[in-house]
Amino acid sequence: MARKDDFDWLDDPFDEKKAAREQAQAATSGGTKIALGCGCLAVVVGIVVLLIFVGINMIDVLAS
């Protein structure tokens, strides 16, 4: 059983400097955010183009 005076100073959950370092490491950089945004935009545009293509083909099939 752990005593009250057994405190792990290396893994202090209230260490503000350590928390700031970890947050800075976990933060997404600007380039990564831009790449992620462009990828999402490309997927949305691809889905819209695919839906338009399917719609045109359905009109063609129904017209014949």
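In the block above lies the structure referred to throughout.
Everything numeric in this text was worked out from a predicted model, so none of it was measured.

## Section: the overall build of the protein
Within the protein, the regular secondary structure consists of two helices and zero strands. Carbon and sulfur atoms form 69% of the exposed surface of the protein, whose accessible area is close to 6,200 Å².

## Overview of the state of the cysteines
Throughout the structure, instances matching the rule amount to zero disulfides. Free of any disulfide, Cys38 has its nearest neighbouring cysteine sulfur in Cys40, separated by 9.5 Å. For Cys38, a relative accessible area of 47% puts it in the partly exposed group. What makes Cys40 partly exposed here is its relative accessible area of 46%.

## Digging into a nonpolar patch on the surface
Together, Val44, Val48, Ile52 and Ile56 make up a nonpolar patch on the protein surface, roughly 360 Å² of accessible area in all. On the secondary structure map, Ile56 appears in helix α2 (residues 30-63).

The rules behind the values
Every chain is numbered on its own, with residues counted from 1 as its sequence reads. Reporting of local features is limited, given that this is a predicted model, to residues whose pLDDT is at least 70; pairs of side-chain atoms are given and counted only at 80 or more, and all residues count toward the totals for whole chains, interfaces and linings. The side-chain figures draw on all heavy atoms in the structure; neither hydrogens nor water molecules are used. Each helix is a run of H or I in the DSSP string that is no shorter than four residues. Each strand is a run of E no shorter than two, and both are numbered from the N terminus. Each accessible area is a Shrake-Rupley estimate made with a 1.4 Å probe; only the visible protein chains count as cover when residues are assessed. Pairs of cysteine sulfur atoms within 2.5 Å are what we label disulfides. Each residue is placed in one exposure class: buried if its accessible area under a 1.4 Å probe, protein chains only, is under 20% of its type's maximum, exposed if it is over 50%, and partly exposed if it falls in between. Only residues whose relative accessible area exceeds 30% and that form no salt bridge are eligible for patches; like-charged ones are grouped when within 9 Å, while nonpolar side chains (Val, Leu, Ile, Met, Phe, Trp, Tyr) are grouped when within 5 Å. Here, a salt bridge means any Lys or Arg side-chain nitrogen found within 4 Å of an Asp or Glu carboxyl oxygen.

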